[in-house]
Amino acid sequence: MAEQEPENAITESVQLEIPTGRVKRIMKLDKDINKVNSEALFLITHATELFLQSLAVKSAGVALEKKRKTIKLEHLRVAVKRHQPTSDFLLDSLPMPAQSLDQQKDRAKSRSNKKPVPVGARRIDAFFQKFT
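Residues numbered from 1 in each chain as written. Predicted model: local features only at pLDDT ≥ 70, side-chain atom pairs only at ≥ 80, totals over all residues. Heavy atoms only, no water.

The name an unreviewed UniProt entry gives the protein is Transcription factor CBF/NF-Y/archaeal histone domain-containing protein, with Fraxinus pennsylvanica as the organism. The protein has a UniProt comment under Subcellular location (unreviewed entry) that states "Nucleus". (UniProt positions renumbered as here; feature names shortened; annotations may be inferred.)

Undergrad: Pulling in residues and values, what's your account of the overall build of the protein?
TA: Per the secondary structure count, the protein includes six helices and zero strands. Nonlocal contacts in the protein, meaning residues at least 24 apart in sequence, comprise 32% of its contacts between residues at least 6 apart. In the structure as shown, the protein presents an accessible area of about 11400 Å², 54% of it carried by carbon and sulfur atoms. (Helix = DSSP H or I, 4+ residues; strand = E, 2+ residues; numbered from the N terminus. Contact = heavy atoms within 4.5 Å. Areas by Shrake-Rupley, 256 points an atom, 1.4 Å probe, with all protein chains shown as cover.)

Undergrad: Mind laying out the pattern of salt bridges, listing which residues take part and the relevant values?
TA: Counted under the stated rule, the structure contains one salt bridge. For Glu65, the salt bridge identified is with Arg82, shortest N-O distance 2.9 Å. With Glu65 in helix α2 (residues 38-65) and Arg82 in helix α3 (residues 73-82), this residue pair connects regions lying 17 residues apart in the sequence. By relative accessible area, Glu65 is classed as exposed at 52%. (Salt bridge = Lys/Arg side-chain N within 4 Å of Asp/Glu carboxyl O. Buried < 20%, exposed > 50% of the residue type's maximum accessible area, 1.4 Å probe, protein only.)

Undergrad: So what's going on with the packing of α2 against α3? Which residues, and what values?
TA: Viewed as axis vectors pointing N to C, α2 and α3 meet at an angle of 115°, and their least axial separation amounts to 8 Å. Taken together, the axis directions place α2 and α3 in an arrangement best described as roughly perpendicular. For the crossing formed where α2 meets α3, the hand is right-handed. The segment α2 lies against α3, with Leu55, Lys58, Ser59, Val62, Ala63 and Glu65 engaging His75, Leu76, Val78, Ala79, Val80 and Arg82. (Axes fitted to C-alpha atoms, helices over the stretch in contact; angles between N-to-C directions. Parallel < 35°, antiparallel > 145°, perpendicular 65-115°, else oblique. Left-handed = near helix turned anticlockwise from the far one by under 90°.)

Shown next as structure tokens:
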């Protein structure tokens with residue numbers, strides 16, 4: 001006879017939307033990481049997707065509270081402020097809503113000029129720039 005699966009067995013597979021190759025490259029920017037296990041890569045990628053989904057839902061909730069259909073930076077900032085653990089590490093990285101793009105670029109340049117990059121390392125900003 002054919003064996004039947006237990007009722008509580010997980011049979012669905014999770015499809016990731018974030019490219020695992022990019023996550024792996026970002027992880028390898030840390031000089032302490034030489035190899036990345038495929039299971040660890042899957043878990044980090046899935047956790048990132050869940051975090052971004054949660055952040056999007058909270059931001060959408062703030063936008064709906066303010067009777068808006070479009071999520072703006074100010075809605076994202078409010079959602080981050082309301083969740084203390086997220087606020088602790090993410091709020092300082094978000095730009096102020098009143099700043100223009102030119103001011104943000106100037107701030108990023110001045111910030112990058114203040115701290116020298118350690119030998120053998122590179123800034124994560126360089127990873128996301130397009131090569132021409």
